[in-house]
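Survey of secondary and tertiary structure
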Amino acid sequence: VNMKKIIFTVLAVFVLGVNHLMYSQMLGSNINLIPSPKSIVINDGSFTLTNQTKIYFDQYSRKVADYLSEVIKPATGFDLKPEIWNGMMETNSIILSLKTKTNEYGKEGYTLVINPFNVLIEANELNGLFYGVQTLRQLFDPYINSIVKVEGIDWILPAVVVYDKPEFEWRALNLDCCRHFMEKDFVKRYIDLLAYHKFNTLHWHLTEDQAWRIEIKKYPELTKKGAYRTYEDGTVYGGYYTQEDVKEIVEYAASRFINVVPEIEMPGHSLAALSCFPEISCTGGPFDVGTLWGIYSDIYCAGNEKTFQFLEDVISEVVELFPGKYIHIGGDEAPKVRWQNCPKCQQRIKDENLKDENELQSYFVKRMEKFINSKGKKIVGWDEILEGGLAPEATVQSWRGLKGAIEAAKMGHDVIVSPTTNCYFDYPVETTDLRKVYYFDPVPEELSFDERKHVLGSEGLMWTEYAPQQFVDDRLFPRMLALIEVIWNYPQERDFESFRQRVQNHYRRLDLLDVNYGLETKPFEITKTFNPSKNIYDIKVTQLQKDIDLRIGSFVSELMINKISENEFQFEIDKTNLVNIFFQKGEKKVGKTYAFGISFNKANRKPVKLSYPYSEKYSAGGIEALTDGIRGSDSFRGGDNTWQGYYGTDFEAIVDLEKPYTFNKISLGFFQASSSLVFFPQYIEFYTSVDGNEYESAGKVEIPSSLKDPDWIQRDFGVQLNDTYARYIKIFVKNYDEAPKWHPIAFGKTWLMIDEIIVE
Ligand code: ACM
Ligand code: ZN
């Protein structure tokens, strides 16, 4: 009797009735799989991999057998050369077989049977075998992921029967290589991490306002000039992928069963291309490659035939490089202001009998879709492509909530459901935490049973405005684990605590894979209370993220930290200090460092009068915030609400020190976040007075412009005095009257963010 037949008869019985056993079984064992398989049965006994183990492939499965041999070699030191399988269930063997064709696994499903004698992975296609191998990797000790040989470990696999297949076919992460350039090896590593977690699609964002990153032979200017941006101080930033690089990456991805979907943005997010070819804009330019984040008004001219010639030439080269069926054409965030004022665009609207600029966008996308379809490819576009009429064959990627997905699916279009609320991993964990991703449901309730089949899946978005290469892991992990759990397994019953426990165990693998994962959630709450009787600030920190070590450091003097309960810490601050809070797992730092300052100075808790109101949106808790001794934190948007915002007004404050003092310095803290229209002021004037009637100038500070710096910067500006004796201090801060013309959001008012007034 053929052993294999017996195994499969038994397996068929398991598959029918075991789905619900999975969680409890996995919890009670050392088995810890992410994503969870559809079903797993744990049996007694185990299989031990040795340097004598045979890896067998059948006629078609050599590629995956070689991959298995390759990934287990570094840690085990075993050089297991795969051999062709003779069909016998030999002992001490791992068999990868495509021989049994049964449709129930689908293209990506597999069965994995481990018993004390051998291991059998079966699938309909190589994709499935590959995922069987990924499951196998996670069944070994985490040290299997070591890149150096590990001594003294038995490479044991528990006896299990796994039946597994993904719920959704679109399991993607994107990588924005425009806002920050990602090196080729980094992209490959990213692909490896996707594959390890059973993602199958890399959405590769290659063109933007701030860069054009893919070589186009017909237009070398695109990468010669368009791949680099120049900052005000002359610094040049950039890089690009040659077509050879692209081929190498696409092939590498294919070897890991990952399809690469290139995104070539149109009609918006195209300033880098326009800087090379201003004649295909509406105004004619000239333009520089963008240096700030946001939405630029200049987009491709829809009335100019040259625009379509250019894009068709680009697409013609792109389709040759990407064998997959999808080309992402972007379509998001295209302001219509240039089209409204462009004779060519207006002529096109007339000629084509279009109603408005939304229909012009629809004309643009439909025309490009027709061309892309003629090349045998399908388009994907962001949900804005619904506006003005959807292109006939388009797949819609819904990012502004679920609305676009619902509308498109109801029209019979395929959709990718990736709303900002759950899928944007560039958002901080304070707004999008692990739990929120875990409870994400990519299938909107509003869809009927039939409409649901249009939900291809979901995608995690890794935009990189604030994440250069070295911070990508921090944003991606652990949240991508929750996303893949949802889109691979699609658990109907969700138990976050049990999932989180598996994540804790998974960190050991990520450590060995050298992944610099970030935090799971907003890691702590903090209160800072002034105690007048002791003249100290009483600080309480409540740790919210579990299973991690909270560390509190200080720049000036040592702090006495009291641990008042398992997750509560208390300390006092009795002099000006800068405190930082961060997290460690063992020796490894996890997540960012949070910092806050306390200032002891003569303005502390002194009354302030304001000439202009602050914004209620950035109140910092009220007027007292300006002299409460608590400095603005390292994020003007942070939940701690320490910055006071002034929108479109200047700032003028009078501080009454309540009696005359001698002092030598007055200063004020500011925040700049140019992309969000938060700027340092134009200038600041300082005045002092003894009686509150007659003010004397104490100096003026002109702020050297650093407006185009996209980074968040915090700075104090002030005047040095010489034993000035006064009771009243007046500070006038000049805001910009309106957003500068070069700014992507080149209209409206600007912000001042202020805290704290300091008199020393
Ligand atoms: C997007 O995040 N603008 C698609
Ligand atoms: Zn135009």
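For the structure, check the block above.
As a starting point, this report considers the structure included with it. In this text the structure is predicted, and so the values were computed from the model without any measurement.

In terms of regular secondary structure, the protein is built from 18 helices and 31 strands. The C-alpha radius of gyration of the protein comes to 30 Å, within 12% of the 27 Å expected for a compact globule of 760 residues. Projected onto the principal axes, the alpha-carbon positions of the protein cover approximately 105 × 75 × 45 Å. By the burial criterion, 59% of the 760 residues in the protein qualify as buried. Pairs at least 24 residues apart make up 72% of the contacts formed inside the protein by residues separated by at least 6 positions. When the 85 positive and 107 negative side-chain charges of the protein are each reduced to one mean point, those points stand 2 Å apart.

On to the packing of aromatic side chains. Applying the stated rule across the entire model yields 46 aromatic pairs. Both rings, one in W204 and one in F322, keep their centres 6.4 Å apart while their planes meet at 70°; by these two values the pair is edge-to-face. With W204 in strand β9 (residues 201-205) and F322 in the loop between α9 (305-321) and β13 (326-330), this pair connects stretches of sequence that are 118 residues apart. In this structure, W204 and F322 share a single accessibility class: buried. Look at F679 and Y736: their rings are 6.0 Å apart centre to centre, the planes differ by 65°, and that puts the pair in the edge-to-face class. Of this pair, F679 sits in the loop between β27 (651-672) and β28 (683-689) while Y736 sits in the loop between β30 (713-734) and β31 (751-759), placing them 57 residues apart in sequence. The pair F679 / Y736 is uniform in exposure class, with both members buried. Joined through ring pairs, the aromatic side chains of Y466, Y618, F636, W643, Y647, F671, W712 and W751 make up one cluster. Here the guanidinium or amino end of K730 rests over the ring plane of Y695, the centre of that ring lying 4.7 Å away.

We now examine the coordination of the zinc ion (ligand 2). Of the protein atoms, only C282 (SG), C301 (SG), C342 (SG) and C345 (SG) coordinate the zinc ion (ligand 2), at distances of 2.3 to 2.4 Å. Around the zinc ion (ligand 2), the four donor atoms sit at angles spanning 105 to 115°, and that spread fits a shape best called tetrahedral. The exposure class assigned to C282 is buried, which follows from its relative accessible area of 18%.

Turning to the layout of surface pockets, a few remarks are in order. Quantified by volume, the second largest pocket comes out at close to 580 Å³. Contributing to the lining of the second largest pocket are 23 residues, with K107, E108, N127, N200 and N259 lying nearest its centre. Where the lining of the second largest pocket is concerned, the elements lending two or more residues are α7 (243-255) and β12 (259-266).

Along an α-helix, residues three or four apart share an orientation, since each turn contains 3.6 residues. The terminal C-alpha atoms of helix α3 (residues 62-76), which comprises 15 residues, lie 21 Å apart, in line with the 21 Å expected from a rise of 1.5 Å per residue. Taken from the residues just after α3, G77 is the one with a positive phi, measuring 75°.

Read around the closed barrel, eight strands run β8-β9-β12-β13-β14-β15-β16-β17, paired in parallel fashion. Across this sheet, the average inter-strand angle for adjacent strands is 30°, counted without regard to direction. When strand β15 (residues 395-398) meets strand β16 (residues 415-417), the two strands line up parallel, connected through three bridges. Across the sheet, the residue bridging to V396 is V415, located in β16. Sitting on the sheet, helix α17 (residues 479-489) is in contact with β8 (170-176) and β17 (455-460), with an inclination near 150° to β8.

What follows concerns the sheet that holds strand β21 (residues 562-565). Pairing is antiparallel across the open sheet formed by four strands, whose spatial order is β18-β19-β22-β21. Each having just a single partner strand, β18 (524-531) and β21 make up the two edges of the open sheet. Here the average twist between neighbouring strands, direction ignored, is 25°. Taken together, the three bridges between β21 and strand β22 (residues 568-573) define a ladder with antiparallel strand orientation. If you follow N562 over to β22, its bridge partner there is Q570.

Moving on, we get to unusual backbone geometry. Between I34 and P35 the backbone carries a cis peptide bond, its omega angle lying at -5°. Residue position: P35 is located in the loop between α2 (22-27) and β1 (39-49). Residues F477 and P478 are joined by a peptide bond in cis, for which omega reads 5°. Positive phi, close to 50°, is recorded for Y490, a residue that is not glycine. On the secondary structure map, Y490 appears in the loop between α17 and α18 (496-512). Given a relative accessible area of 13%, Y490 falls into the buried group. Notably, A620 is not glycine yet its phi reads approximately 55°, a positive angle. Along the chain, A620 turns up in the loop between β25 (608-610) and β26 (644-647). Residue class for A620 comes out buried when judged on its relative accessible area of 11%.

At a minimum axis distance of 10 Å, the contact between helix α5 (residues 184-196) and α7 shows a crossing angle of 15°. Taken as axis vectors, α5 and α7 run roughly parallel relative to one another. Our pair here, α5 against α7, has a crossing hand that is right-handed. For the pair formed by α5 and α7, the contact residues are K184, V187, K188, I191 and D192 on the first element and D245, E248, I249, Y252 and A253 on the second.

Another point: the environment of S61. With respect to the helices and strands, the residue S61 is situated in the loop between β2 (54-57) and α3. Looking at S61, the relative accessible area reads 0%, which means it is buried. Remark: the alpha-carbon pair of S61 and L476, spanning 415 residues in sequence, is separated by 32 Å. What S61 contacts, discounting residues up to four positions off in sequence, is L96, L98, L126 and L129. Among the polar contacts made by the side chain of S61, one reaches the main-chain carbonyl oxygen of L96 at a distance of 2.9 Å.

For the rest of this paragraph, the subject is the environment of R727. You can see R727 is positioned in strand β30. With 65 residues separating them along the chain, R727 and T662 place their C-alpha atoms 8.8 Å apart. What R727 contacts, discounting residues up to four positions off in sequence, is V655, D656, L657, E658, K659, P660, S689 and V690. Separated by 3.4 Å, the side chains of R727 and Y728 make a polar contact.

This part takes up the pattern of salt bridges. Across all of its chains, the model carries 45 salt bridges by this definition. The partner of R400 in a salt bridge is E384, and the shortest N-O contact between them spans 3.9 Å. Separated by 16 residues along the polypeptide, R400 in the loop between β15 and α13 (403-410) and E384 in the loop between β14 (378-382) and β15 bring together distant segments of the chain. Linking E520 and R500 is a salt bridge whose minimum nitrogen-to-oxygen distance equals 2.8 Å. Of this pair, E520 sits in the loop between α18 and β18 while R500 sits in helix α18, and the two are 20 residues apart along the sequence. By relative accessible area, E520 is classed as buried at 3%. For R500, a relative accessible area of 4% translates into the label buried. Salt bridges sharing partners connect three or more residues here, namely E497, R500, E520, K546 and D547.

Moving on, we come to the state of the cysteines. As enumerated under the stated definition, the model contains zero disulfides in all. C177 supplies the cysteine sulfur nearest to C178, a cysteine that is in no disulfide, at a spacing of 7.0 Å.

Definitions and limits used
Residues numbered from 1 in each chain as written. Chains lettered and ligands numbered in written order. Predicted model: local features only at pLDDT ≥ 70, side-chain atom pairs only at ≥ 80, totals over all residues. Heavy atoms only, no water. Helix = DSSP H or I, 4+ residues; strand = E, 2+ residues; numbered from the N terminus. Rg over C-alpha atoms; globule rule 2.2 N^0.38 Å. Buried < 20%, exposed > 50% of the residue type's maximum accessible area, 1.4 Å probe, protein only. Contact = heavy atoms within 4.5 Å. Lys, Arg positive; Asp, Glu negative; His and termini not counted. Charge placed at Lys NZ, Arg CZ, Asp CG, Glu CD. Phe/Tyr/Trp six-rings, centres within 6.5 Å; stacked < 30°, edge-to-face > 60°. Lys NZ or Arg CZ within 6 Å of the ring centre and 35° of its normal. Donors = N, O, S within 2.8 Å, 3.2 Å for Na, K, Ca; no water. Tetrahedral: all angles 85-135°; square planar, octahedral: opposite > 155°, others 65-115°. 1 Å grid on protein atoms, 1.4 Å probe; cavity = no way out; pocket = protein on both sides within 12 Å on 5 of 7 lines; lining within 4 Å. Points joined across faces, edges and corners; volume = space filled by probe spheres on them. Expected span 1.5 Å × (residues − 1). Pairing = 2+ DSSP bridges. Axes fitted to C-alpha atoms, helices over the stretch in contact; angles between N-to-C directions. Parallel < 35°, antiparallel > 145°, perpendicular 65-115°, else oblique. Left-handed = near helix turned anticlockwise from the far one by under 90°. Polar contact = N/O pair within 3.5 Å; in protein donor to acceptor, adjacent residues only side chain to side chain. Salt bridge = Lys/Arg side-chain N within 4 Å of Asp/Glu carboxyl O. Disulfide = S-S within 2.5 Å.

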